[in-house]
Amino acid sequence: MILNNEEMLEVKGGALKFGILAGIIGGAIVFVVGVIDGLLNPRKCN
C-alpha cells in the first residue's frame, strides 16, 4: 500500500514522542545529579 502526502500527514504515533520526552527528563536528572556531586565532592583534574 502506498500512501499519498495527505495520508502520511494523518499517520499518528506516540512512541517517538515518549522516547524523546524520557530522554530529555533523564538527561536533565543526570545533569543535576552531576552538578550536585561536583559541588559536594570537588576533585582536581589530573
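Note that the structure is predicted; figures quoted are calculated from it, not measured. Here the residue index of a chain counts from 1 through its sequence in written order. The predicted origin of the model limits local features to residues at a pLDDT of at least 70 and limits the giving and counting of side-chain atom pairs to 80 or more, whereas totals for whole chains, interfaces and linings rest on all residues. Excluded from the side-chain calculation are hydrogens and water; included are all heavy atoms of the structure.

> Even after reading the chapter, I still don't get the overall build of the protein chain, so can you show me in this structure?
Put simply, DSSP marks the helices as runs of H or I at least four residues long and the strands as runs of E at least two long, and each gets a number from the N terminus on. Within the protein chain, the secondary structure is distributed over two helices and zero strands. Across its three principal axes, the protein chain shows a C-alpha extent of roughly 60 × 20 × 15 Å. A total of 46 residues make up the protein chain; the buried ones form 0% of that total. Here the protein chain has roughly 4,700 Å² of accessible surface; of this, 70% comes from carbon and sulfur atoms. Averaging the coordinates of the 4 positive side-chain charges in the protein chain and doing the same for the 4 negative ones gives two points 23 Å apart. When a residue's accessible area, from a 1.4 Å probe over protein chains only, is under 20% of the maximum for its type it is buried; when over 50% it is exposed; and in between it is partly exposed. Exposure was quantified through the Shrake-Rupley algorithm and a 1.4 Å probe, taking into account, for residues, occlusion by the shown protein chains and nothing else. Here the positive residues are Lys and Arg and the negative ones are Asp and Glu; neither His nor the chain ends is included. By convention, the charge on Lys lies at NZ, on Arg at CZ, on Asp at CG and on Glu at CD.

> Explain a nonpolar patch on the surface to me, please; I cannot follow it from the model alone.
There is a patch of nonpolar side chains on the surface, built from Phe-31, Val-32, Val-35, Ile-36, Leu-39 and Leu-40 and spanning about 640 Å² of accessible area. By secondary structure assignment, the location of Val-32 is in helix H2 (residues 15-40). In this scheme, patches are assembled from residues that exceed 30% relative accessible area and form no salt bridge. Like charges are connected within 9 Å, while nonpolar side chains (Val, Leu, Ile, Met, Phe, Trp, Tyr) are connected within 5 Å. Throughout this description, the term salt bridge denotes a Lys or Arg side-chain nitrogen within 4 Å of a carboxyl oxygen of Asp or Glu.

> Sorry if this is basic, but what is going on with the environment of Leu-3 here?
Here Leu-3 shows up in the segment before helix H1 (5-9). When checking whether two residues touch, look at their non-hydrogen atoms; a contact exists if any pair is within 4.5 Å. In this structure Leu-3 touches Met-8 and Val-11, once residues within four positions along its chain are discounted.

> Help me understand the environment of Leu-21, please; the structure alone is not making it clear to me.
Mapped onto the elements, Leu-21 comes out in helix H2. For the pair Leu-21 and Leu-3, spaced 18 residues apart in the sequence, the C-alpha separation amounts to 28 Å.

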